[in-house]
Amino acid sequence: MSAVVALSSWPINAETPMANAPSIELPNGYIGIPQHYLRYQQTLRSVRALLADIQFDDKTLLFAGQDHNGLYMQVGMIGRENYERGDQQRPHKLVYGRKWRIDRDTPTSEVIQTAFLAISKAYEHEVRELLTVKDAWQAKVSAPFSCHQDLPLLTENADLVAAEEQPRLQTLADIEQLLAGVKFAQHDIDVVSFHAQQPFSYLVVRLGNAPLARQQEGDLAHFNQQLVSVTLQENTVSEVLFALLDSFLHINQRWVEETFAYQGFARFSRSLDPRQIAAVSVATRPYRRDATNEHFSRGFRQANYDVDRSRVPSLGTGFLAKRNREVIQAYQGLLGHMPDGL
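Just so it is clear, the model here is predicted, and its values are computed rather than measured.

Draft legend 1. View of the nonpolar core. Counting residues in each nonpolar core, the largest one holds 29 residues, and the members touching the most others are Leu179, Phe184, Ile189, Leu203, Val240 and Phe248. Counting residues per element, the ones that place at least two in this core are α2 (108-130), α4 (172-179), β11 (182-184), β12 (187-195), β13 (201-207), β14 (227-232) and α6 (237-259). In terms of residue count, the dominant contributor to this core is α6 (8 residues). Here Val240 is in contact with Leu169, Ile175, Leu178, Leu179, Leu203 and Leu232, once residues within four sequence places are set aside. Membership of the second largest hydrophobic core comes to 24 residues, among which are Ala64, Ala115, Tyr123 and Phe268.

Pasting the structure below:
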């Protein structure tokens, strides 16, 4: 479901052409100044205006804010509690993702792409919680790919989670036995076919119906009855589970790509022709032509230098600083801006 969001009427006054910035002309007659010939000074108002012109689904919200660390955007998701797997419909719940920082000199296009990345990672977080495995010893269900696993604890007990020598899964029945204890968003995972061969094996599964309460909730409709193709590097339990996750993440990412739009334009949709995007990109970058314009090129080089310099971190102190210093100093003639304190 796509929500129709009115396009913002606020002017985006965060863009200023560089001094003597030349324009470009596209084959369709469009004339303008490309983004790399602009300077940017994003404000809370400009970021909010950009986010207001992004369309996604009616359960995903975008927020912009400002604190003592500067500008940021944040994703809000109206969903349900993934770890509640009972037989009743679950109430809606609004949750928030991490804050994505926006530097004031961030180009408009990159602000929009940051929103795309923020939405993508928020939904990846959800998908990782939805692939569940039943523990054979305790007969309880867990989400091993969830981002909420205790990483320091796992690090200290790596021997408990290392993949031991695993027997190869040779037959369709082997795969079916494994997947009997695996679900995705409480959907059964039904095996359609399995071809064990070298160097890759191929597994096709279909997501069956979810429990009635999940069907009534109607969430994640793009996974309903989804036919999933899985390529296996080797026929082991671990490989099947990891490859299944990869396939579910891919399906979800394709949905994000087709749903995300800015002012109605689905920039990441595969209905676009990459060759034509490349042609437009080339047309907007006549660097050889513009390098001969000394009135512009001097300021262009200085602007790029200033932006790169503003990104430079401090080396700091301690072991991390020591390690980074050793890595950097191992490269003779390294170009770019070195961290402060090197």
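Draft legend 2. Main features of the environment of Leu117. Looking at the element boundaries, Leu117 is found in helix α2. On the basis of relative accessibility, which here comes to 39%, the residue Leu117 falls in the partly exposed class. Separated by 210 residues in sequence, Leu117 and Val327 have C-alpha atoms that sit 29 Å apart.

Draft legend 3. Spatial organisation of the packing of helix α1 (residues 44-52) against α2. Between α1 and α2, the least distance of the axes is 10 Å, while the angle of their chain directions is 60 degrees. Overall, the two elements α1 and α2 adopt an arrangement that is oblique. The crossing of α1 and α2 is right-handed. The residues of α2 that touch α1, namely those facing Val47, Leu50 and Leu51, are Thr108, Val111, Ile112 and Ala115. A class-by-class count of the residues in the contact of α1 with α2 yields 6 nonpolar, 1 polar and no charged.

Draft legend 4. Structural context of the sheet that holds strand β6 (residues 60-67). Judged by pairing direction, the sheet is antiparallel, and its 3 strands sit side by side in the order β6-β7-β8 without closing on themselves. The strands lining the two open edges of the sheet, one partner per strand, are β6 and β8 (93-102). For this sheet, the mean inter-axis angle between neighbouring strands, taken without regard to orientation, is 25 degrees. Relative to strand β7 (residues 70-79), β6 is paired through 8 bridges, and the arrangement is antiparallel. Bridging across to β7, Asp67 finds its partner in Gly70. Across the sheet, α1 touches β6, β7 and β8, and the angle it forms with β6 is around 175 degrees.

Draft legend 5. Main features of the packing of α2 against α6. Look at α2 against α6: their axes get within 10 Å of each other, and the N-to-C directions meet at 145 degrees. The hand of the α2/α6 crossing is right-handed. Seen from α2, the contacting residues are Phe116, Ile119, Ser120, Tyr123, Glu124, Val127 and Arg128; seen from α6, they are Leu245, Phe248, Leu249, Asn252, Gln253, Trp255, Val256 and Glu257. Class assignment for the residues of the contact of α2 with α6 results in 9 nonpolar, 3 polar and 3 charged.

Draft legend 6. Main features of the pairing of strand β9 (residues 131-134). Pairing analysis gives 3 bridges linking β9 to β11, with the strands arranged antiparallel. In the strand pairing of β11, Val133 is matched with Val182. Hairpin connection from β9 to strand β10 (residues 141-142): 6 residues lie between these consecutive antiparallel strands, with Ala139 at a positive phi of about 55 degrees.

About the thresholds
- Residues numbered from 1 in each chain as written.
- Predicted model: local features only at pLDDT ≥ 70, side-chain atom pairs only at ≥ 80, totals over all residues.
- Heavy atoms only, no water.
- Core = buried A, V, L, I, M, F, W, Y, C linked by side-chain atoms within 4.5 Å.
- Buried < 20%, exposed > 50% of the residue type's maximum accessible area, 1.4 Å probe, protein only.
- Helix = DSSP H or I, 4+ residues; strand = E, 2+ residues; numbered from the N terminus.
- Contact = heavy atoms within 4.5 Å.
- Axes fitted to C-alpha atoms, helices over the stretch in contact; angles between N-to-C directions.
- Parallel < 35°, antiparallel > 145°, perpendicular 65-115°, else oblique.
- Left-handed = near helix turned anticlockwise from the far one by under 90°.
- Nonpolar A, V, L, I, M, F, W, Y, C, P; charged D, E, K, R; others polar.
- Pairing = 2+ DSSP bridges.

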